[in-house]
Amino acid sequence: MATSQCVSPDIEMTIAQCLNSLERGIGPSQVKDGFPVELLRASVETTPNTTTIDQSFMDNTSARVDMVIIGCWWMTREIELATTKAHHLWTEPSNNTALWTLPVQKNDPEGGCISRPHRCCCQSNMEALCPFHAAVRHRTRLDKAFPEDQWDRQSLPLFPNS
């Protein structure tokens, strides 16, 4: 048997405010737009032409595709792509590994905290979305456009003009 009790008006108002607050916060879950990276496979130039590379090479579609591939493998945000310096990404051909020095915390966009490696994922054929080969292609373009003896790698952006 249920008994009813009188509740003061200020308690009723507090309960109503709490219920309204809960209902506002519940709502449907927001679905994030997905990006099917696999669609980039057709746009990758596995052997890019580096004879005509200049300092505006990031205007080239193949360079931008490699930037997206690299960014996806290391799960970076726009701020990390924009603030990363050239010396933060390097490759070690002896073991087919690409390494990127990234911040440990998301609120430290300058990085310099931890190096995250990705190995070559190619099997018998060159895989267009391979992180190692995307990094090699990008570093080749970067080194051709900005020769190391003329540019300070500590201050050169990894993705210039992007």
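The present account deals with the structure reproduced in this document.

Conventions adopted
Residues numbered from 1 in each chain as written. Predicted model: local features only at pLDDT ≥ 70, side-chain atom pairs only at ≥ 80, totals over all residues. Heavy atoms only, no water. Helix = DSSP H or I, 4+ residues; strand = E, 2+ residues; numbered from the N terminus. Buried < 20%, exposed > 50% of the residue type's maximum accessible area, 1.4 Å probe, protein only. Contact = heavy atoms within 4.5 Å. Areas by Shrake-Rupley, 256 points an atom, 1.4 Å probe, with all protein chains shown as cover. Salt bridge = Lys/Arg side-chain N within 4 Å of Asp/Glu carboxyl O. Axes fitted to C-alpha atoms, helices over the stretch in contact; angles between N-to-C directions. Parallel < 35°, antiparallel > 145°, perpendicular 65-115°, else oblique. Left-handed = near helix turned anticlockwise from the far one by under 90°. Nonpolar A, V, L, I, M, F, W, Y, C, P; charged D, E, K, R; others polar.

**Structural notes on the overall build of the protein**
And then number 1: Looking only at helices and strands, one finds four helices and three strands in the protein.
And then number 2: Taken from N to C terminus, the helices and strands of the protein fall in the order α-α-α-β-β-β-α.
And then number 3: Counting over 162 residues, the protein shows a buried share of 33%.
And then number 4: The long-range share in the protein, meaning contacts at least 24 apart out of those at least 6 apart in sequence, stands at 59%.
And then number 5: As displayed, the protein has an accessible area near 10,700 Å², and 54% of this comes from carbon and sulfur atoms.

**So, the pattern of salt bridges**
And then number 1: Overall, the coordinates contain six salt bridges when judged by the stated rule.
And then number 2: The shortest N-O distance in the salt bridge between Glu127 and Arg41 comes to 2.9 Å. On the criterion of sequence distance, the pair formed by Glu127 in the loop between β3 (114-119) and α4 (131-145) and Arg41 in the loop between α1 (9-26) and α2 (61-73) is long-range, its members being 86 residues apart.
And then number 3: Arg41 gets classed as partly exposed once you look at its relative accessible area, which sits at 39%.
And then number 4: In this structure, Arg64 and Asp59 form a salt bridge, with 3.6 Å as the shortest nitrogen-oxygen distance.
And then number 5: What makes Arg64 partly exposed here is its relative accessible area of 36%.

**Examining the packing of α2 against α4**
Helix packing for two helices is described by the angle between their axes and how far apart those axes are.
And then number 1: At their nearest, the axes of α2 and α4 sit 9 Å apart, and the two run at 135° to each other. With respect to α4, the element α2 is oriented oblique. Crossing geometry of α2 relative to α4 is assigned as left-handed. Residue-level contacts link Ser62, Ala63, Asp66, Ile69, Ile70 and Trp73 of α2 to Pro131, Ala134, Ala135, Arg137, His138 and Arg141 of α4.
And then number 2: Its residues assigned to classes, the contact of α2 with α4 shows seven nonpolar, two polar and three charged.

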